[in-house]
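Okay, here's what each chain looks like letter by letter:
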Amino acid sequence: MLIERNSFLYSYPITRDFGFAPNPFHGYCTLATCKPNIRKSAEVGDWVIGVGGATLPSVRRKCIFLMKVTEKLDFEQYWNDKRFSLKKPIRNGSHLQMLGDNIYHKDMTGDWVQEDSHHSNPDGTMNVINRDIDTGRCDKVLVSECFIYFGAAAASIDLDSIRHFRIRDFKKTSLEVSEEARNMIESLVSQNISNWNQIVEDPCQFLYSHLRADQETGKIS
């Protein structure tokens, strides 16, 4: 079933589109960092749509990705699951390898380890602010085997129909109540059925995958 009973649509603006959050590579679209409130609240069967924010003018208010949550894991489960081993970052690797989002696990004492990644400091050491945002509010990873990732080829959608205007964090819409939200999902799926579980185009900032993001300042370095 495409849209399940009692499910919701979570829509939010994407400020950075590197291919890190979400990470659409290796057959799964995953949201493992950033957006802790969505990762905490969304459940299996819910949908998440990311739209270009003001910092991405070429795709502003267009759909960068759409995913149905098919699995929800904690960080330790994500780290230890062989299906997601290719999502562990290799910072001296390819653009795709540098952007691996499988970056958190715990050491023998129970403290968080943050792998050298897009969310680490420029020298590869732990960025404590990013760690606290990613793990402190929510120890969950959203996984999808039912997604479309448009990237720089973001699709035009009618956000006004679901009253997604200026959103700071996210908007939660009941798919039982909102016919407009259901129509948006069904239209995107039917018009892009050949792109299902595919990457239509590289992320907008894919060529800058070597840079690091700081969630507190919003700076990329």
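Predicted, not measured: the structure shown is a model, and the values here were computed from it. The residue numbers shown here count from 1 along each chain, following its written sequence. Where totals are concerned, whole chains, interfaces and linings use all residues; where local detail is concerned, this predicted model gives features only for residues with pLDDT of at least 70, and gives and counts side-chain atom pairs only at 80 or more. As a rule here, side-chain values come from all non-hydrogen atoms in the structure, and water together with hydrogens is ignored.

Considerations on helix H4 (residues 128-136)
The criterion, for reference: Burial status follows relative accessibility: with a 1.4 Å probe on protein chains alone, a residue under 20% of its type maximum counts as buried, one over 50% as exposed, and anything between as partly exposed. Helix numbering and strand numbering both begin at the N terminus, where a helix is a DSSP run of H or I of at least 4 residues and a strand a DSSP run of E of at least 2. Contact between two residues is taken to exist if any of their heavy atoms lie within 4.5 Å; hydrogens are not considered. What qualifies as a polar contact is a pair of N or O atoms within 3.5 Å, subject to a donor-acceptor requirement within protein and to the restriction that residues adjacent in sequence count only when both atoms come from side chains.
Inspection of H4 places Asn130, Ile133, Asp134 and Thr135 among the buried residues, and these make up the whole buried set. For H4, the elements touching its buried residues are helix H1 (36-41), helix H2 (75-80), strand S6 (104-106) and strand S7 (112-114). The residue sitting at the N-terminus of H4 and contributing the capping side-chain oxygen is Asn127; that oxygen lies 3.2 Å from the backbone nitrogen of Ile129.

What about the pairing of strand S4 (residues 62-68)?
The condition that has to hold: When DSSP locates at least two bridges between a pair of strands, those strands are taken to pair.
The element S4 is largely enclosed, with a buried count of six among its seven residues. With two bridges connecting them, S4 and strand S10 (residues 155-156) associate as antiparallel partners. For Lys62, the partnering residue across the bridge sits in S10 and is Ser156. Sheet topology note: the S4/strand S9 (residues 147-149) ladder contains three bridges and is antiparallel. Residue Met67 lies in a different strand from S9, and its bridge partner there is Phe147.

Comments concerning the pairing of strand S3 (residues 47-52)
Of all the six residues making up S3, six are buried; the element is thus mostly covered by neighbouring parts of the structure. Bridge count for strand S1 (residues 8-14) against S3 is six bridges, and the pairing is parallel. In the sheet register, Tyr12 faces S3, and the bridge partner there is Gly50. Bridge analysis of S3 against S4 gives five bridges, and the strand direction is antiparallel.

Here's the deal with unusual backbone geometry
Here Ala21 and Pro22 are connected by a cis peptide whose omega angle stands at 5°. Relative to the elements of secondary structure, Pro22 occurs in the loop between S1 and strand S2 (29-31). Of note, the phi angle at Arg61 is positive, near 65°, even though the residue is not glycine. Summarising the element assignment, Arg61 is placed in the loop between S3 and S4.

Here we look at the pattern of salt bridges
Let me state the cut-off plainly: The working definition used for a salt bridge is a side-chain nitrogen of Lys or Arg within 4 Å of a carboxyl oxygen of Asp or Glu.
Here the structure, examined in full by the defined rule, presents eight salt bridges. Arg61 is paired through a salt bridge with Asp160; the nearest N and O atoms lie 2.9 Å apart. Placement of Arg61 in the loop between S3 and S4 and of Asp160 in the loop between S10 and strand S11 (171-174) is noted, with a sequence separation of 99 residues between them. By relative accessible area, which is 25% here, Arg61 ends up partly exposed. Owing to a relative accessible area of 45%, Asp160 belongs among the partly exposed residues under this scheme. A single network of salt bridges, built from pairs that share partners, joins Glu71, Asp81 and Arg83.

Observations concerning the UniProt feature "domain: Nucleotide modification associated" (unreviewed entry) in the protein
Worth spelling out the cut-off: UniProt positions are given in the numbering used here, feature names are shortened, and annotations may be inferred rather than shown by experiment.
Under the UniProt annotation, the feature "domain: Nucleotide modification associated" (unreviewed entry) is placed at residues 9-208. Across residues 9-208, the secondary structure splits into 19% helix and 22% strand, with the terminal C-alpha atoms separated by 30 Å.

Focus: the sheet that holds strand S8 (residues 141-144)
Within a sheet, adjacent strands bond to each other through the backbone by hydrogen bonds, running parallel or antiparallel. The test is simple: In this analysis, axes come from line fits to C-alpha atoms, helices being fitted only over the stretch in contact, and the angle between any two N-to-C directions falls in the range 0 to 180 degrees.
Across the sheet, three strands lie side by side as S2-S8-S5; this open sheet has antiparallel pairing. Both outer strands of the open sheet, S2 and strand S5 (71-73), are each paired with one neighbouring strand and no more. In this sheet, neighbouring strand axes are inclined to one another by 20° on average, regardless of whether the strands run parallel or antiparallel. Pairing between S5 and S8: three bridges, direction antiparallel. Paired with Glu71 across the two strands is Val143, which belongs to S8.

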